[in-house]
Amino acid sequence: PVMVVMCARDDAHAVELVNSCEYGLGGSVFSLDYARAERIGAQLRTGMMNINDFGVNYLCQSLPFGGVRISGFDRFAGVEGLRGLCVPRAITTDRFPGVRTSIPPLLQYPMSERSYEFVHALITFLYADRVWERVRAALSLATLGIGGKQAT
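The model shown is predicted, which means the values in this text are computed figures rather than measured ones.

The rules we used
Residues numbered from 1 in each chain as written. Predicted model: local features only at pLDDT ≥ 70, side-chain atom pairs only at ≥ 80, totals over all residues. Heavy atoms only, no water. Helix = DSSP H or I, 4+ residues; strand = E, 2+ residues; numbered from the N terminus. Buried < 20%, exposed > 50% of the residue type's maximum accessible area, 1.4 Å probe, protein only. Axes fitted to C-alpha atoms, helices over the stretch in contact; angles between N-to-C directions. Left-handed = near helix turned anticlockwise from the far one by under 90°. Contact = heavy atoms within 4.5 Å. Nonpolar A, V, L, I, M, F, W, Y, C, P; charged D, E, K, R; others polar. Expected span 1.5 Å × (residues − 1). Arc of directions from axis to C-beta.

Visitor: Which parts of the structure should I look at to understand the environment of C21?
Guide: With respect to the helices and strands, the residue C21 is situated in the loop between helix 1 (11–19) and strand 1 (26–29). Take C21: its relative accessible area is 34%, and that puts it in the partly exposed class. Here the alpha-carbon distance between C21 and I70, two residues 49 residues apart in the chain, equals 9.8 Å.

Visitor: What's the story with the packing of helix 1 against helix 2 (residues 34–43) in this structure? I'm lost.
Guide: Any two packed helices are characterised by the angle at which their axes cross and by the distance between the axes. Here helix 1 crosses helix 2 at 35 degrees, and the two axes come no closer than 9 Å. Note that helix 1 runs across helix 2; the crossing there is right-handed. Residues D11, V15 and N19 of helix 1 form the contact with helix 2, whose participating residues are R36, I40 and Q43. In the contact of helix 1 with helix 2, the residues fall into two nonpolar, two polar and two charged.

Visitor: Looking at this structure, I do not really get helix 5 (residues 113–127). What am I missing?
Guide: Note on helix geometry: an α-helix contains 3.6 residues per turn, so any two residues three or four positions apart are oriented the same way. Relative to the 21 Å expected for 15 residues at 1.5 Å per residue, helix 5 spans 21 Å between its end C-alpha atoms, a close match to the ideal helical length. When we look at burial in helix 5, the residues that qualify are R114, S115, F118 and A121. Viewed end-on, helix 5 has its buried residues packed into an arc of 130 degrees, placing them on one side of the element. Exposed and oriented more than 90 degrees from the buried face of helix 5 are Y116, H120 and Y127.

In structure tokens:
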């Protein structure tokens, strides 16, 4: 544990000084003005932050513990610490018995040139800003979808 005391011109300069450091395990801001201390603390890039205290987060075992930058990655303790020990994985399945999700033939491997045209038209239809682009994409989807999969 190290305590650094430095002079700063103002709050913004103090935040700049703290955030220029390559370490970021924890920090403390002391002030009689709680709102000011919280404002400053919210801007500091640290894994943990204490207002008018230097280490209460070490005593609260339900809080996540860990730093940022070269002071560490991930957390231990608390829910976040438990999640840090897990490898999340998504598993999907058909929701209704007897109903099978199938991949449209146009999108099955090996992909053809028509497959790429279909995906491009689908993305354009979903995300285009202009109505006429969406209409043109819808027409392309209908045209490409009717023909099914064709080899190129």
